[in-house]
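Commentary on secondary and tertiary structure
The primary structure of each chain is shown beneath.
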2 protein chains.
Amino acid sequence: MRVLFRRGLLLAGLGFFTLSAQAQTAASLKSDSLNLRKIYNEALLNGQSYENLRYLTGTIGGRLSGSPQAEQAVQWSKTTMEKLGLDRVYLQEVMVPHWVRGAKEKAEIKGDKGKGIDMSVCALGGSVGTNGKLKAQVVEVKSWAELAALPDDKVRGKFVFFNRPMNPTYIETGQAYGEAGDQRRNGAIEAAKRGAVGALVRSLTLAHDDFPHTGTMRYDEKVSKIPAAALSTNGADQLSQLLKASPGLTFELEMACETLPEVKSYNVVGEIKGSKYPNEVIVVGGHLDSWDLAQGAHDDGTGCVQSIEALRLLKASGLKPERTVRAVMFMNEENGVRGGNKYAELAKAAGEKHLAAIESDGGGFTPRGFNIEAPAATVKKVQQWQPLFRPYGSTEFKAGHSGTDIEPLKDQTKALIGYDCDDQRYFDIHHTAADTFDKVNRRELELGGASMASLIYLLSKYGL
Amino acid sequence: MRVLFRRGLLLAGLGFFTLSAQAQTAASLKSDSLNLRKIYNEALLNGQSYENLRYLTGTIGGRLSGSPQAEQAVQWSKTTMEKLGLDRVYLQEVMVPHWVRGAKEKAEIKGDKGKGIDMSVCALGGSVGTNGKLKAQVVEVKSWAELAALPDDKVRGKFVFFNRPMNPTYIETGQAYGEAGDQRRNGAIEAAKRGAVGALVRSLTLAHDDFPHTGTMRYDEKVSKIPAAALSTNGADQLSQLLKASPGLTFELEMACETLPEVKSYNVVGEIKGSKYPNEVIVVGGHLDSWDLAQGAHDDGTGCVQSIEALRLLKASGLKPERTVRAVMFMNEENGVRGGNKYAELAKAAGEKHLAAIESDGGGFTPRGFNIEAPAATVKKVQQWQPLFRPYGSTEFKAGHSGTDIEPLKDQTKALIGYDCDDQRYFDIHHTAADTFDKVNRRELELGGASMASLIYLLSKYGL
């Protein structure tokens, strides 16, 4: 491309603003528009989220619950928010699971003639180890019905290989992820029920590459616990191909993962007291823990630094929120949601009144808008503000799922809101060794933080 | 993120469809919706654009006008479209400039004490060489006014260093690019008018990194031609810093670039004859040439493979266009627009009737919509189709600039349309060594091709 000329967009779209019953005056509309511009300017000119993310991901690194890195991330979040001069920064104690991957993680396919092929694998989070090498034949299935239809002797003593791909025709990749995720979550239980010795699961991604994707899985206390590992999509395709030629091949899996006793950890909370309604709380958050394979950049380092940045943007833009605003770094979203549950429990016990909770946990990509989880009338109220976001490309204000950490607040708040951004690349790197700082674009991250701060500004001014 | 549940979107949004005077019936609306779904499914399940791009960028590589690679790209495009079984594939001869970078491209800063610092530089496209080492002092300016205000003796015999950054507060990066681009285009002329010996230009990007960005520049035949080079943004910041401490430092530049005699080249055209109105033509295109520093992936390999794919999608989905559809690979957008001009000239000479022309030349990122360059009533007609694109996230149907290659068709067509996609990352890699295949996401590319094919389908069915 050589030269692009586009139109200034600052006040575009405002002509379409539909006035509500509680009509906002033209003057306040204009001041809202200018205040949003202040927030975005501050984010794009003096943003701190990118350098914060560099530290959180690069210096601290992957932050699985119970790990020393998770503890470092707690201390770092606390210090970082304290430096912003918020009204209050504090920790909420919470016990979290402590699963460790261990050093060994290895797999090999032995063909009929004993020829070995290394496979890149990773244990699913929460899996038991293999206690040395676990060798068995493999049976491939693409659906629960296929597994159910197999005679017992085809499953017993084998690995069940769950190889249903994510559906590439869904436009929102999260939908394809949600649909295919049952294999990862329940594969070990259903395989064990039929006497299998292990579960092998195709990675949850639409990319064709060599990264195995970890993620949480579960056991049923009434069913024996068998090891569960993810194969990369290329690896899964290769295994499927090899099985066609050599149905009797042997798969050797070795994993040293284990679950240790629970550990004390924390949510980290930073707060700006509301100037007019200090007892009404707006939460904005991400989760501080991440999987251990990489740096947890898009999942969910970006959500954390954006939430901290949202508070900084309000302060730096001189916009004192009328309601109390809290940035919450939730602990243990990935394998327990203990932090999200603890926050809601403490808020209830303290009789706190929450107006809304916003979560950013879909990556730090270019903003598209917000998913609003609330009664229809409340969704409509939030949608009224959409025209103010048009100059910034955040146009999708839709009813939809919000976020895992704020979900426990459902009965204690008027609206749960998920930050919605471009999701085409998210599952390429999600829960893999490739979820690193260099995958995050500075501007995309900053625009996201600004859109969250802008929504908080409006929520704190107008309520719901 | 753990699990996302989103709503099915196939028919969402259709409730908002505003019926025009020439109201389309509910039945045809439904069939349009289903046909778009066919196109998107074909793109996401059986897409060929990504593998085509791999060949064009990886095997052929950078394709500057007049280079052997540009010639290979012409032959490859022709063969690739012939394999699709189109009704007609042909070449349009066009003479193009032939500028070559040459082997040497080197710069060094010598401080007051003779200490040398290497700078990464690249010649701007079209620049003359330095004929050995060009050594001179440097004067930095951030605006034309600053240059005008300098006394002659502060400029004569020196390099003028144009160091105005792109404005990060514009939300659309193309706007910031357009505004800062005058330094690159006119810097050498304005510096030479004041007696300078060379122009150094800050790279046109919002990123802070070490890549110099090339791009076209011009000379005025009445003003002496001086060499012009780009510095990376980090390099420009460093030079600016050094100049503060040592205003008398010497800059040494060595570039072996030169302009050779013009070369014969081609536009490549593939055509599906319209079933009902064969004499009305819809063009979809990108430019086949690219800068030489890298593979020309996002600029504009993606536009080319998306245009070819658009025709393939129509055929594979069994949608015979009622009007004639042409995929055009334009030659020489980057440094001459000879291909775009030639296409328009030949169309005019042949008395062809063009309905619309679509260009993809803003990268292969996630689609946002289309920029429509047409009279207001025509813009409105195109905007009527927006609801059909909502399930696919292509929602921005705005009046705006279309594309450089189709611009010459302005007076011969009812609408010029620019494919609009997320542009936050585009200028990070634009015209640099980093514009490579691995920067392109398969799904983002495929969604773009599908959105172009969908618009062509509607244009070919309803006209304008």
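The structure reproduced in this document is the subject of the present report. These numbers were taken from a predicted model, which means no experiment stands behind them.

Cut-offs applied
- Chains are numbered independently. Their residues run from 1 in the order of the written sequence.
- Lettering of chains starts at A and numbering of ligands starts at 1, both following the order in which they are written.
- Local features in this predicted model are restricted to residues whose pLDDT is 70 or higher, and side-chain atom pairs enter the listing and the counts only when it is 80 or higher, whereas totals over whole chains, interfaces and linings include all residues.
- Note that water and hydrogens are dropped before the side-chain values are worked out from all heavy atoms of the structure.
- Pairs of strands are assigned from DSSP output, requiring at least two bridges between the strands.
- Only DSSP runs of H or I covering at least 4 residues are called helices, and only runs of E covering at least 2 are called strands; the numbering of each starts at the N terminus.
- Here, axes are lines fitted to C-alpha atoms. For helices the fit covers the stretch in contact, and angles between N-to-C directions go from 0 to 180 degrees.
- Note on contacts: a residue pair is in contact if any heavy atoms of the two residues lie within 4.5 Å.
- Roughly parallel means an angle under 35 degrees; roughly antiparallel means over 145; roughly perpendicular covers 65 to 115; every other angle is labelled oblique.
- The sense of a crossing depends on the near helix, which, turned anticlockwise from the far helix by less than a right angle, makes the crossing left-handed and, turned clockwise, makes it right-handed.
- When residues are sorted by character, Ala, Val, Leu, Ile, Met, Phe, Trp, Tyr, Cys and Pro go into the nonpolar class, Asp, Glu, Lys and Arg into the charged class, and all the rest, Gly among them, into the polar class.
- Defined in terms of a 1.4 Å probe, buried area is the accessible area two parts forfeit on being brought together, summed over both.
- Salt bridges are defined as contacts in which a side-chain nitrogen from Lys or Arg sits within 4 Å of a carboxyl oxygen from Asp or Glu.
- What qualifies as a polar contact is a pair of N or O atoms within 3.5 Å, subject to a donor-acceptor requirement within protein and to the restriction that residues adjacent in sequence count only when both atoms come from side chains.
- We define the nonpolar core as a collection of buried residues of types Ala, Val, Leu, Ile, Met, Phe, Trp, Tyr and Cys that are connected through side-chain atoms lying within 4.5 Å of one another.
- Exposure categories follow from relative accessible area, calculated using a 1.4 Å probe and restricted to protein chains: below 20% of the type maximum is buried, above 50% is exposed, and the middle band is partly exposed.

1. Re the sheet that holds strand β5 (residues 134–141) of chain B
Residues and elements named next belong to chain B. One open sheet accounts for 8 strands, arranged β3-β2-β9-β5-β6-β7-β8-β4; its pairing is mixed. The strands lining the two open edges of the sheet, one partner per strand, are β3 (116–119) and β4 (121–123). Going from strand to strand, the sheet's axes swing by 30 degrees on average, the running direction of each strand aside. Here β4 pairs with strand β8 (residues 228–231) via 3 bridges, running antiparallel. By the bridge assignment for β8, A123 is matched with A229. In the packing of helix α5 (residues 173–193) onto the sheet, contacts are made with β6 (159–162), β7 (198–202) and β8, and the angle to β7 comes to roughly 155 degrees.

2. Remarks on the packing of helix α9 (residues 297–316) of chain A against helix α14 (residues 442–462) of chain A
All names here are of chain A. It is at 8 Å that the axes of α9 and α14 come closest, and there the two elements cross at 55 degrees. On the basis of their axis angle, the class for α9 and α14 is oblique. Regarding α9 and α14, the two cross each other, and that crossing is right-handed. Residue-level inspection shows T302, V305, Q306, S307, A310, L313 and L314 of α9 in contact with α14, the latter providing L445, G448, G449, A450, M452, A453, I456 and Y457. In terms of residue class, the contact of α9 with α14 is built from 10 nonpolar, 5 polar and no charged.

3. With respect to the interface of chain B and chain A
Accessible area lost upon the coming together of the parts serves often as the stated size of an interface. The interface of chain B with chain A comprises 62 residues on the first partner and 62 residues on the second. With both sides pooled, the region where chain B packs onto chain A buries about 5,200 Å², and carbon together with sulfur makes up 50% of that total. Taken together, the connections running from chain B to chain A amount to 2 salt bridges. A salt bridge links E444 of chain A to R425 of chain B, with the shortest nitrogen-to-oxygen separation between them at 2.9 Å. For the pair chain B and chain A, the interface holds 18 residue pairs in polar contact (both at pLDDT 80 or more). Breaking the side of chain B that touches chain A down by element, the ones donating at least two residues are α1 (26–46), α5, β14 (367–373), β15 (396–399), α11 (426–429) and α12 (442–462) of chain B. Considering every element that reaches the side of chain B that touches chain A, the biggest residue donor is α5 of chain B, with 7 residues. Of the residues belonging to the side of chain B that touches chain A, the class tally is 21 nonpolar, 20 polar and 21 charged.

4. Regarding the nonpolar core
Counting 79 residues, the largest nonpolar core has L288, F389, L455 and L459 of chain A as its most contacted members. By residue number, the principal contributor to this core is α14 of chain A, which donates 10 residues. Every residue in contact with L455 of chain A, bar those within four places of it in the chain, is listed here: I358, F370, V382, W385, F389 and I417 of chain A. In terms of nonpolar packing, the next biggest core, distinct from the first, is built from 78 residues, L36, I39, Y177 and A297 of chain B among them.

Keep in mind that these numbers describe shape and distance, not what the molecule does.
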